[in-house]
Amino acid sequence: MQARSIFGKLVAGVAFATLSALTSLAHAQAAKPNVVILATGGTIAGAGASALNSATYAAAKVGVEKLIAGLPELGTVANVRGEQVFQVASESLTNDNLLTLAKRVSALAKQPDVDGIVITHGTDTVEETAYFLTLTVHTSKPIVMVASMRPGTALSADGALNLFDAVSVAGSKDAMGKGVLLTMNDSIESGRDVSKNFNIKPSAFVSQWGSLGMVVEGKNYWFRAPVKRHTMNSEFDIDTITSLPNVEIAMGYEGVSPTAIEALGKSGVKALIHGGPGNGSVADRIVPYLQKVRADGAIVIRSSRVPDGFVIRNAEQPDDKYDWVVAHDLRPQKARILAMVALTKTSDTKELQRIFWEY
Ligand code: DAS
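Residues numbered from 1 in each chain as written. Predicted model: local features only at pLDDT ≥ 70, side-chain atom pairs only at ≥ 80, totals over all residues. Heavy atoms only, no water.

1. Points about the site of the ligand
Lining the immediate surroundings of the ligand are Gly42, Thr43, Tyr57, Ala89, Ser90, Glu91, Gly122, Thr123, Asp124 and Ser148. At 2.5 Å, a side-chain N or O of Ser90 approaches an oxygen atom of the ligand. In the model, a nitrogen atom of the ligand is placed 2.8 Å from a nitrogen or oxygen of the Glu91 side chain. When the ligand is considered free in solution it has 270 Å² of accessible area, and contact with the protein chains removes 91% of it. Here the residues of the shell around the ligand are counted per class, giving two nonpolar, six polar and two charged. (Near = heavy atom within 4 Å. Polar contact = N/O pair within 3.5 Å; in protein donor to acceptor, adjacent residues only side chain to side chain. Areas by Shrake-Rupley, 256 points an atom, 1.4 Å probe, with all protein chains shown as cover. Nonpolar A, V, L, I, M, F, W, Y, C, P; charged D, E, K, R; others polar.)

Right, here's the structure in full:
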């Protein structure tokens, strides 16, 4: 009897200890935000032949489960699960990919058991995807994009900390309602404003109007908030968009010929972004070709190849007279994203110009 009662007490003690451990784990998990990582590829999922290959490697090789398993620290700030949406280098993403990703983000954001969403992505076009999502996904939950300039196999790889920062920010209540964000190199950038400014170093990304803040050791430090319309305050909703119109870009430079503009005009674009030098300048020999694009029914949008600043309406060109739109502070690749989204609703040039002022 004696032995049995001691064994019984032992079993009860172990059961109690296990139960309290599980309960505290459940409480701990319940206390942590639920963050979903949507993986699309890029360098953050890349792999090189050696630790010295910081620039020579294959992008889009490592699956999301391996990314998560390789970073157990994620579990200290959130309950994390992953989905592999694509596995591509971002320069190869298509409009259909954009729609697929945005619709998945929108669906997840509606789920009460999802507190934040992280999207791992290539650096080459993350600025475009980030802007598209901020224009079309109606949620105030944090949506945080993340990329890396070096593959995880390289010395001083930046992906692990960038990903930890992204999950930490995505699980933060103070990151709500700020539009789509990008965490790179300790900074928190606005998805609207950020662009890749340097092609081979970790501090590659810059927002011309400044970062929104920084994230350091899992704590967010905010210094700015977006003023342009986004997410919940956007008139565009991915849940009502089924396709995107064809919008292309033609650059302006010394000696430019009308060949590209003519070909794009004939291809049936719905809008043509002109990435001119300076304040969106257009060579005098090119003006008639853009006027023909407009006369044939496509929208002409004057952007600038100059990274920073904004195009002034009716300054370099009589936009009112030509019925052209100016892209404000948007670089050509960003202007294209907004033009595609705007054209799902209107092709009225006055409405389009309003949209370019407001978004
Ligand atoms: N090719 C790049 C891309 O996928 C790799 C990267 O920098 O992420 O965007």
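2. Some words on helix 4 (residues 126-136)
Burial of helix 4 is extensive: eleven of the eleven residues sit out of reach of the surface. Taken together, the buried positions of helix 4 are Val126, Glu127, Glu128, Thr129, Ala130, Tyr131, Phe132, Leu133, Thr134, Leu135 and Thr136. (Buried < 20%, exposed > 50% of the residue type's maximum accessible area, 1.4 Å probe, protein only. Helix = DSSP H or I, 4+ residues; strand = E, 2+ residues; numbered from the N terminus.)

3. A few points about the packing of helix 9 (residues 332-342) against helix 10 (residues 349-358)
Relative orientation of the contacting elements helix 9 and helix 10 amounts to 130 degrees, with a least axis distance of 11 Å. Classified by the angle their axes make, helix 9 and helix 10 are oblique. Relative to helix 10, helix 9 is oriented so that their crossing is right-handed. Contact residues: helix 9 offers Ala335, Leu338, Ala339 and Ala342, while helix 10 offers Leu352, Ile355 and Phe356. Residue composition of the contact of helix 9 with helix 10, grouped by class: seven nonpolar, no polar and no charged. (Axes fitted to C-alpha atoms, helices over the stretch in contact; angles between N-to-C directions. Parallel < 35°, antiparallel > 145°, perpendicular 65-115°, else oblique. Left-handed = near helix turned anticlockwise from the far one by under 90°. Contact = heavy atoms within 4.5 Å.)

4. As for empty space enclosed by the protein
Under the criterion given, the structure shown has two cavities of 30 Å³ or more. What the largest cavity holds in volume is close to 90 Å³. When grouped by side-chain class, the residues that make up the lining of the largest cavity number three nonpolar, three polar and six charged. Estimated volume of the second largest cavity: approximately 30 Å³. If you trace the second largest cavity, you find it lined by Thr139, Ser140, Lys141, Pro142, Ile143, Ala175, Gly177, Lys178, Gly179 and Thr231. By residue class, the composition of the lining of the second largest cavity is three nonpolar, five polar and two charged. (1 Å grid on protein atoms, 1.4 Å probe; cavity = no way out; pocket = protein on both sides within 12 Å on 5 of 7 lines; lining within 4 Å. Points joined across faces, edges and corners; volume = space filled by probe spheres on them.)

5. A closer look at the pattern of salt bridges
Following the criterion strictly, the structure yields 17 salt bridges and no others. Two residues, Glu358 and Arg229, come together in a salt bridge whose shortest N-O distance is 2.7 Å. With a gap of 129 residues between them, Glu358 in helix 10 and Arg229 in the loop between strand 10 (219-222) and strand 11 (247-251) connect regions that are remote in the sequence. Judged by relative accessible area, Arg229 falls into the partly exposed class, the value being 23%. (Salt bridge = Lys/Arg side-chain N within 4 Å of Asp/Glu carboxyl O.)

6. Some thoughts on the sheet that holds strand 13 (residues 299-304)
An order of 11-12-13-14 is seen for the four strands of this open sheet, with the pairing classed as parallel. The outermost strands of the open sheet, each flanked by one partner alone, are strand 11 and strand 14 (325-326). Here strand 12 (residues 271-276) pairs with strand 13 via six bridges, running parallel. In the strand pairing of strand 13, Ala271 is matched with Ile299. The strands touched by helix 9 are strand 11, strand 12 and strand 13; relative to strand 11, the strand with the most contacts, the crossing angle is about 155 degrees. (Pairing = 2+ DSSP bridges.)

7. Remarks on the UniProt feature "domain: Asparaginase/glutaminase C-terminal" (unreviewed entry) in the protein chain
Summarizing the sequence annotation, UniProt attributes the feature "domain: Asparaginase/glutaminase C-terminal" (unreviewed entry) to residues 246-356 in the numbering used throughout. Taken as a whole, residues 246-356 contains 36% helix and 17% strand, while its terminal C-alpha atoms sit 18 Å from one another. (UniProt positions renumbered as here; feature names shortened; annotations may be inferred.)

8. Quick word on the environment of Leu52
Relative to the elements of secondary structure, Leu52 occurs in the loop between strand 1 (34-41) and helix 2 (64-69). Taking the relative accessible area as the measure of exposure, Leu52 reaches 68% and is therefore exposed. Each C-alpha atom, one on Leu52 and one on Pro332, is 35 Å from the other, the two residues being 280 residues apart in sequence.

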